[in-house]
Structures are given as C-alpha cells and as structure tokens.
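Summary of structural features
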Amino acid sequence: MTAAHPLLSVRDLTVTVEDGDTPRTLLDTVSLDLNRGEILGLVGESGSGKSLFCRSLVGLLPSRSLKRTGGAVLLDGQDIAGASAGELQAIRGARIGMIFQNPTSHLDPVMRIGDQITEGIRFHQGLGGAEARTAALEIMAQVGFTDPPRQFSNYAHEFSGGMRQRAMIAIALACNPEILIADEPTTALDVTIQAQILTLLLEIRKARGLSIILITHDLGVVAQTCDRIAVMRHGRLIEVGEKRRILSVPTEAYTQALIASHPSMPAEAAPGRSPQPEIASPRPRALVEIDDLHVRFPVGGGLLSRRKTFSAVGGVSLQILPGETVGIVGESGSGKSTLARAMLGLTPLSEGHVTFDGHSLSLKRAETLKALHSQAAMVFQDPYNSLNPRLTIGETLAEVLRVHRKVPDAAINARVGELLDLVELDRSFAARKPRSLSGGQCQRAGIARALAVEPRLIVADECIAALDVTIQAQIVALFRKLVATMELTLVFIAHDLAVVRSLCQRVVVMHHGRIVEEGPSDRVFSAPSQAYTANLIAAIPDIDPDRPLSGAPLSSPLTKGQPA
C-alpha cells in the first residue's frame, strides 16, 4: 500500500443490461483498489468488461439499457456510485480523466487543438482566456509537442496518430485530475510511438503523482509500465496482484493462456548475437518484382504556384518469391502501406516498375491488373469497416465467387462453406452479419473473402493491430497454416515486430519511404546492420518487467507529413 487507504476503492460493482425479459450481467461484483501514485494494468480480451468497468466509475455507461445494479465506488473515501449527473460532471475531468484508444473519434475535428485543451482549463479551473492559453501551452510542452505556440492553432487532422494521442493526454491533464484512465492508448500506434507514449505516461505519473488505470491487451506494455495487474474475463475479476507475481506464477489458467499468447522476442533474437549462416539455394522466378519504385502525391500548390509533390515511396527495389512470407515493418509514415497498395495496382506509380508473375504494371497495366485481381488479395486492418455491414458473411463470399467466376452458380453455397472451414469459422456464420461477430471472427471472414479469389499472393496490412493478444496468436497461426497448405505467398505488414519475427521468413525494414534493411528474419532480428532497425527492436514491449522501456524517438518530430 502506498497510502493509509486506496485513492479509489471499488466494491462489488455490478452492471446489467436489459436483454429481453431477463437482465444479463455484464460486470459481476467486481472489487478493485487503486492506490495513490500507482499504475494499475487492467488486462483481458475484448468483451471482458475492462472498458465498461472504467466507464461505469464515472457514470459513462455506453447505453441507456445498461444499469449499475449494485456496488460502491469510493473516491478518497466518498461513495460516488450514486452521485447525481451534475456531481459526476464535476468529477469527470477534474478528478478522474480519461484518454481513449482512437483519438480521432474523440477530438473535435472543427476545433483547434489548443482550444480543446483550454476548454477544460477554463471550465474546471476558472481561468480567463490568456491565462488558460498559457497553461495550455505549458501542458502541450509537457506532453511532447515540439512547437506549442504554432501547434496550438492546428486541427486534429494535421497531426499523426502519435501526436493526436498526445493531444488527448494534454486535454485530460488540463483538468489536473487525480486519476487518469487510459483505455488502450497505444493499440493503434507503431512500436516506437507506443514506447514514447508509455514513457510519457510514466513521466507524468512521476511529475504529478497521478494514479493511472491502464487498459490494455498487451502484457508487454503492462510488464514494463504497471505496478500491479488485474485480469478480467467475462465481466469478472479473476486475478489481481503485483506484476512480477502475476507474470511469473499466475494462478488462473486464463492468465497463463494470456501470457503464453504474448509474442515476446526470443532470447536468441537479441541484437548483438551472431546469426545462423545463410544457405545458398537456386532462386525461382520472383512472383512480385519491384524495381526503383517511386510513388509521389500532390501537396499544396494552386493556379498561380507550382504544384508540389510528396515522396511516399522513393526508389524501392524488392523481389518476393513464390511461397515466401515477407514482413514489412517500420514506423507509421515509413511507406509500408503505400508500397503494398502500389504492389497491387491500387496506387498509381510515379516512376519505376512493378511486375506480377511477369506482367508489368507500367508496360501492360490492364493485363497486369487483370492478373492481380484474379490472383492477389488484401486483408485490411479494420475487420469491421472492411466488410459490407448490409451483407451476411455468406453473401459477401458469394459475391466474390460470382464476380470472379471461380465456381458455377450451383456450387457457390458449397464453396462458401469450404471457405469458412479454411478460416476455422463454423458454417453457421454464413448467415450472420459483421456487427454480430467479434473482431477476430470478422478478421477470419476477411481472410475467407481474400481466399475466395484463390490467390497466389495475399497482402495483410496491419490486420492484427486492433485484436487481442490471444486472437492475434490465432490469426497468425491461421496464416501460418494457410501458407503451409495452400502454397500462398504472404506479405505481412505490421508494427508488431515480435509477430513478424515469429511468422515471416524474411523482413523488410522501411524508413521515410525507403528500404533501409532487409534479409532473413533470424539475421535481421539477431544482428541488425542499421541503428534504425536496432532501435525498432529495442522499442518492442517485452513481457520481462525488469527490461527498461525504450522510448527514444527514431525520427523527426511526430507531426503529420510522413507517408502513410
């Protein structure tokens, strides 16, 4: 205990939802303490009740059909569970602040970032305009804005994901809260930006004495930032304790499974170890060949000024062999997704050549696009937005089969069943719509849709970024099985280097639109030749709680302006 009594003490908190005639319990008598100055990691899969628990503390239940039906929430000894709407409004922000997973959804797109920060300062601290602006600029500097006076006037869309998350943290800190609830604040960020945000939270905790509840599904994040861990499953708190005890001797089978699913880097992959010698073998003809590729996008300019361009990919050359699994890694803005889209003919080439199975996009675009459409497919990052919400999974797969004429009409239903079998979904899912599926199930449906064209090449673009660690492990295992049994070539784009290390034979490291290093995964991860690669590897959150968190920036300030 860091104080005579916890700052926050939750006892038997119960939340139910009206589901037909019988209420269904979503939070089942959860009891948990948060000590002063403590960082508590709240872990568990999607649907375990982590976010609902934290929202219920401040009366932000996401639906009117949800009700708190029992329990007490003691904030510094005062029960706020039954507080009025006005009392809760005074507590939110001023005493308990929140930052969310997707800052884009929670930042006002038509309001300057500085004004969003000063709004809380003026409301909760009663400062005037000039004083509030001064306080806002100080907070922006604290959270890592490089030029607060200029960036004060910027809008959310002008920042990168990392800077938008810093803005969210600044807004939360503007009210000077005692408790900060961080709900998956780094899930969508690349590994280096994630490390910087986590380092920032640690520094803020030290400077302000904040107590923090960190919701995450990444046990590596918990191991390197939190003091204690609380594990939730199906709305119940199943295990809680000091992080070293939980990580080394978990008592619950579910906690053991979470830990086993974490894609930690193996010890032999530590930078500085000697790689295994590469064995030369005859190289087959490349399935994809990229030669001196440049992709530029127009930016600025007008009728009276010369139009400028931004180089998203600059001079990339790469060969991908049949049956290979190639991982493409790098920070956000390094050009990974632009390269992938250019590879599939989805983004125009400015210079250079992309050849697929001997067909050149530059020389015979129509012919090459036809080959790509029938032999290549993409799996996207957001499993929900990539599927048509109006169609059932079966209708989505049938549409692909019908358009590409892969099977006769009479055989479509049977083939839909086979595709669901391939991605290990029950055939009953054919009748379900995306909104009734979990994120992992939706992603399996997205993979089934990609397989419907009977591809030789699949490009998976950050397809596990938004999934729980256990679901990530299942999707990676599925890809490994598909590659082994279907002679697929897989290009796997990710910011999780540990996953790439375990899945891919070869890794390509990108930085500012260029390839800075490539080679067999064992060699690159064990003995990187570039400092940039070594720093990327060092920034991976490790499940070892004694390993320091690397939060050093790898590139220029994180404002928008790098390739997507």
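These numbers come from a predicted model, not from an experiment.

Points about the overall build of the protein chain
Along the protein chain, the regular secondary structure elements total 20 helices and 20 strands. Taken over the C-alpha trace, the protein chain has a radius of gyration of 25 Å; the compact-globule value for 564 residues is 24 Å, and the two agree within 12%. Seen along its three principal axes, the alpha-carbon backbone of the protein chain occupies a region of about 70 × 60 × 55 Å. Taking all 564 residues of the protein chain together, 52% fall into the buried category. Nonlocal contacts in the protein chain, meaning residues at least 24 apart in sequence, comprise 69% of its contacts between residues at least 6 apart. In the form shown here, the protein chain has an accessible surface area of approximately 24,600 Å², with 51% of it arising from carbon and sulfur atoms.

A word on the pattern of salt bridges
One side chain can pair with another of opposite charge once the charged atoms of both are near each other. In the structure shown here, the tally under the stated rule is 21 salt bridges. Taken together, the salt bridges that share partners define one network made up of Arg 285, Asp 357 and Arg 456.

Some words on the packing of aromatic side chains
Where two aromatic rings form a pair, the distance of their centres and the angle of their planes describe that pair. One pass over the full model with this rule turns up two aromatic pairs. With a centroid separation of 5.7 Å and an interplanar angle of 75°, the aromatic rings of Phe 145 and Phe 159 are classed as edge-to-face. On the criterion of sequence distance, the pair formed by Phe 145 in the loop between helix H5 (129-142) and helix H6 (148-151) and Phe 159 in the loop between H6 and helix H7 (161-173) is long-range, its members being 14 residues apart. Take Phe 159: its relative accessible area is 2%, and that puts it in the buried class. Where Phe 479 meets Phe 492, the ring centres are 6.0 Å apart and the plane angle is 75°; that geometry is what we call edge-to-face.

Re the sheet that holds strand S3 (residues 39-43)
Taken in spatial order, the six strands line up as S6-S7-S8-S3-S9-S10 in an open sheet, and their pairing is mixed. If you trace the sheet from one side to the other, it starts and ends with strand S6 (96-99) and strand S10 (236-242), each paired once. Within this sheet the neighbouring strands show an average axis-to-axis angle of 20°, counted without direction. Pairing analysis gives four bridges linking S3 to strand S8 (residues 211-215), with the strands arranged parallel.

Observations regarding the pairing of strand S16 (residues 376-379)
Regular strands place their side chains on alternate faces of the sheet. Here S16 shows no split at all, with Ala 376 and Met 378 on one side and Ala 377 and Val 379 on the other all buried. Relative to strand S17 (residues 457-461), S16 is paired through four bridges, and the arrangement is parallel. Across the sheet, Ala 376 pairs through a bridge with Leu 457, a residue of S17.

Considering empty space enclosed by the protein
For the structure shown, the criterion picks out three cavities of 30 Å³ or more. Here the largest cavity defines a volume of roughly 310 Å³. For the lining of the largest cavity, the per-class residue count stands at 12 nonpolar, eight polar and five charged.

Considering the pairing of strand S2 (residues 22-34)
Where strand S1 (residues 8-19) lies against S2, nine bridges are found, and the strand directions are antiparallel. Across the sheet, the residue bridging to Leu 8 is Leu 34, located in S2. Counted along the chain from S1 to the antiparallel partner S2, the turn is two residues long, and its residue Gly 20 has a positive phi close to 75°.

Quick word on the side chain of Gln 472
Residue placement: Gln 472 occurs in helix H17 (residues 469-486). A residue is classified by how much of its surface remains accessible, and Gln 472, at 9% relative accessible area, is buried. In this view, Gln 472 contacts His 217, Ile 464, Ala 465, Leu 467, Asp 496 and Val 499; residues no more than four positions away in its chain are not counted.

Observations regarding the environment of His 404
Turning to its location among the elements, His 404 is positioned in helix H14 (residues 393-404). When the C-alpha positions of His 404 and Glu 454 are compared, they lie 9.7 Å apart, and in sequence the two are 50 residues distant. Excluding residues within four positions of it along the chain, His 404 makes contact with His 373, Ser 374 and Val 453.

What about the nonpolar core?
One finds Leu 8, Leu 42, Phe 53, Leu 57, Ile 169 and Ile 181 to be the most contacted residues of the largest nonpolar core, which totals 83 residues. Per-element tally for this core: the top contributor is H7, with seven residues. For Ile 181, the residues in contact, after removing those within four places along its chain, are Cys 54, Leu 57, Ile 96, Gly 97, Met 98, Ile 99, Ile 213 and Ile 215. Core analysis: the second largest hydrophobic core is formed by 59 residues, Leu 478, Leu 482, Val 509 and Ile 540 among them.

With respect to the sheet that holds S17
Taken in spatial order, the six strands line up as S16-S17-S18-S13-S19-S20 in an open sheet, and their pairing is mixed. The open sheet is flanked by S16 and strand S20 (514-520), the only strands paired with a single partner. For this sheet, the mean inter-axis angle between neighbouring strands, taken without regard to orientation, is 15°. Across six bridges, the pairing between strand S19 (residues 506-511) and S20 is antiparallel. Across the sheet, residue Val 508 finds its bridge partner in S20, namely Glu 518. Sheet strands touched by helix H13 (residues 365-375): S16 and S17. Its angle to S16, the strand with the most contacts, is close to 60°. In the packing of H17 onto the sheet, contacts are made with strand S13 (325-329), S17 and strand S18 (489-493), and the angle to S18 comes to roughly 155°.

So, H13
Burial in H13 covers these residues: Thr 368, Leu 369, Ala 371 and Leu 372. One side of H13 carries all its buried residues, which in axial view fall inside an arc of 160°. For H13, exposure combined with an orientation more than 90 degrees from the buried face picks out Ala 366 and Lys 370. Packing partners of the buried residues in H13 comprise helix H12 (336-343), strand S14 (351-356), strand S15 (359-360) and S16.

Overview of the packing of H14 against helix H16 (residues 439-451)
Look at H14 against H16: their axes get within 9 Å of each other, and the N-to-C directions meet at 20°. The pairing of H14 with H16 is recorded here as roughly parallel in orientation. Here the hand of the crossing between H14 and H16 comes out right-handed. Touching Ile 393, Thr 396, Leu 397 and Val 400 of H14 are Ala 445, Ala 448 and Arg 449, all from H16. Of the residues assigned to the contact of H14 with H16, the class counts are five nonpolar, one polar and one charged.

Procedures and definitions
Residues numbered from 1 in each chain as written. Predicted model: local features only at pLDDT ≥ 70, side-chain atom pairs only at ≥ 80, totals over all residues. Heavy atoms only, no water. Helix = DSSP H or I, 4+ residues; strand = E, 2+ residues; numbered from the N terminus. Rg over C-alpha atoms; globule rule 2.2 N^0.38 Å. Buried < 20%, exposed > 50% of the residue type's maximum accessible area, 1.4 Å probe, protein only. Contact = heavy atoms within 4.5 Å. Areas by Shrake-Rupley, 256 points an atom, 1.4 Å probe, with all protein chains shown as cover. Salt bridge = Lys/Arg side-chain N within 4 Å of Asp/Glu carboxyl O. Phe/Tyr/Trp six-rings, centres within 6.5 Å; stacked < 30°, edge-to-face > 60°. Pairing = 2+ DSSP bridges. Axes fitted to C-alpha atoms, helices over the stretch in contact; angles between N-to-C directions. 1 Å grid on protein atoms, 1.4 Å probe; cavity = no way out; pocket = protein on both sides within 12 Å on 5 of 7 lines; lining within 4 Å. Points joined across faces, edges and corners; volume = space filled by probe spheres on them. Nonpolar A, V, L, I, M, F, W, Y, C, P; charged D, E, K, R; others polar. Core = buried A, V, L, I, M, F, W, Y, C linked by side-chain atoms within 4.5 Å. Arc of directions from axis to C-beta. Parallel < 35°, antiparallel > 145°, perpendicular 65-115°, else oblique. Left-handed = near helix turned anticlockwise from the far one by under 90°.

Keep in mind that these numbers describe shape and distance, not what the molecule does.
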